[in-house]
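Residues per chain are reported as follows:
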Amino acid sequence: MVADTMARPKARRGRAAADGGALHVERRRMYLPLLLPALIAYLLFFVVPSVFGVVLSFAEWSGLGTEFSWVGLANYAELLSSRMFLSSFLNTVLLTLIVGAALFLVAVAAMVALRTARAGAFIRSAVFLPFMISPIAVGLAVSFLFNPKGMVNSVLGLAGLDALRQPWLGPELIFRVITAGVVWSAAGFYVVLVMSAVDGIPPSLYEVARIEGAGLIQQFRYVTLPLTRDMIAIAAALWAIAGIKTFEIVIAFVGTAGTPPPEARTLAVEQYLRVTGGRVGGMAQLGEAAAIGVVMTAITVGLIVLSRRIQRRDRLEWS
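Below you will find a few notes about this structure.

Calculation rules
- Residues numbered from 1 in each chain as written.
- Predicted model: local features only at pLDDT ≥ 70, side-chain atom pairs only at ≥ 80, totals over all residues.
- Heavy atoms only, no water.
- Helix = DSSP H or I, 4+ residues; strand = E, 2+ residues; numbered from the N terminus.
- Buried < 20%, exposed > 50% of the residue type's maximum accessible area, 1.4 Å probe, protein only.
- Contact = heavy atoms within 4.5 Å.
- Areas by Shrake-Rupley, 256 points an atom, 1.4 Å probe, with all protein chains shown as cover.
- Expected span 1.5 Å × (residues − 1).
- Polar contact = N/O pair within 3.5 Å; in protein donor to acceptor, adjacent residues only side chain to side chain.
- Phe/Tyr/Trp six-rings, centres within 6.5 Å; stacked < 30°, edge-to-face > 60°.
- Salt bridge = Lys/Arg side-chain N within 4 Å of Asp/Glu carboxyl O.
- Core = buried A, V, L, I, M, F, W, Y, C linked by side-chain atoms within 4.5 Å.

**Some points on the overall build of the chain**
So, step 1. Counting its regular elements, the chain contains twelve helices and two strands.
So, step 2. Along the chain direction, N to C, the helices and strands of the chain fall in the order α-β-β-α-α-α-α-α-α-α-α-α-α-α.
So, step 3. Residues counted as buried form 34% of the 319 residues belonging to the chain.
So, step 4. Long-range contacts, defined as pairs at least 24 residues apart, comprise 65% of the intrachain contacts of the chain with a sequence gap of at least 6.
So, step 5. If you sum the accessible surface of the chain, you get close to 19,400 Å²; carbon and sulfur atoms cover 69% of it.

**Section: helix H3 (residues 83-113)**
So, step 1. Spanning 31 residues, H3 covers 44 Å between terminal C-alpha atoms, matching the ideal 45 Å at 1.5 Å per step.
So, step 2. Every buried residue belonging to H3 is among Phe85, Ser88, Asn91, Thr92, Leu95, Thr96, Val99, Leu103, Ala107, Val108, Ala110 and Met111, and all of these are buried.

**So, the side chain of Glu270**
So, step 1. Following the sequence through the fold, Glu270 ends up in helix H11 (residues 267-276).
So, step 2. Within the structure, the side chain of Glu270 is placed 3.0 Å from the side chain of Arg265, a separation counted as a polar contact.

**Some points on the packing of aromatic side chains**
So, step 1. Per the counting criterion, the structure on display carries eleven aromatic pairs.
So, step 2. Here the aromatic cluster, defined as three or more aromatic residues joined through ring pairs, consists of Phe128, Phe131, Phe189, Tyr190 and Trp239.

**Structural notes on the side chain of Thr96**
So, step 1. Within the secondary structure, Thr96 is located in helix H3.
So, step 2. Engagement of the side chain of Thr96 in a polar contact is seen with the backbone oxygen of Thr92, the distance being 2.8 Å.
So, step 3. With residues up to four places along the chain from it excluded, the contact list for Thr96 reads Trp239, Ala240, Gly243, Ile244 and Leu303.

**Concerning the pattern of salt bridges**
So, step 1. Tallied over the full model, the rule gives four salt bridges.
So, step 2. A salt bridge links Glu207 to Arg210; the shortest N-O distance between them is 2.7 Å. Of this pair, Glu207 and Arg210 both sit in helix H8 (residues 203-211), separated by three residues, roughly a single helical turn.
So, step 3. On the basis of relative accessible area, Glu207 is assigned to the partly exposed category, the value being 39%.
So, step 4. Measuring nitrogen to oxygen at the nearest pair gives 3.0 Å for the salt bridge that ties Arg265 to Glu270. Across the pair, Glu270 and Arg265 agree in class, each one buried.
So, step 5. Via salt bridges that share partners, Arg265, Glu270, Arg274 and Glu288 belong to a single interconnected network.

**Notes on the nonpolar core**
So, step 1. Ranked by internal contacts, the top residues of the largest apolar core, which has 27 residues, are Val99, Leu103, Ile178, Ile249 and Phe253.
So, step 2. Those elements that place two or more of their residues in this core are H3, helix H5 (135-146), helix H7 (174-199), helix H9 (216-244), helix H10 (248-254) and H11.
So, step 3. For this core, the element with the most residues is H7, which contributes ten residues.
So, step 4. Contacts of Leu103, omitting those with residues within four sequence positions, involve Val183, Ala186, Ala187, Tyr190 and Trp239.
So, step 5. Among the nonpolar cores identified, the runner-up in size contains 15 residues, and Ala107, Val108, Ala110 and Val194 belong to it.

What is shown is where atoms sit, not what they do.
Here is the structure:
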């Protein structure tokens, strides 16, 4: 009788486990029809175009109605021998690194200055405002300010500082102007992103640090920075993706009908020119444009992997 009493709970648990497993399988069957439309859309609008883009990078094609011919690595060889591509590649890397460093410095300054500021929320909103403006509008505004007869040179002339007036949009300075415009436009987003992590740090940690005699620099180094490094890594990855795709602000300088000078071109701009036929006799070079897209994707993945490795190493050093 004792054995029967002990066997009954085991039997009930077995039936409950069987019922739970059947319920789980039934729920999975219910989920599939709900996920199917999104899965089909993902395959049609992401996976298929991505695979076709990689295949197209090994072919020569100018669009519908033209011959599609397989050329192997010829498109990549053409890119490596193209001065315009190499210039745009270097500009993209420099823009991503320089603006990324500037955004990091701005974020660090915000972490130090806004953590205890009484009007911190208002200042953050004001800093975030430029990010809400379209990059095309930012490019037009920067072009208006820095063109030879723009506001910057006009103000310098009125102030009697004619020696400081410059051809800001000339070949020597246009890259710096674009970099400044990108920093002004993007800084607000990354400041708010990093400050959201700072807001999650318990004030008691700073109080303990002050009691231990830590100054502002020590508090930043031993409290703020370790507890925000994950968000900083996320911000770095997001900027790597955005920086490599820099396009609108450059196009806004010359308009879609113009051709940006080599000093102002990024990989996205060079890809656009090859798609629209702005490089070779009006003929679209879709294979070369696809090859540029593959290069941009590889750079993005490489930067993200590097960011993750640095983050992992920092964790080991702090642990």
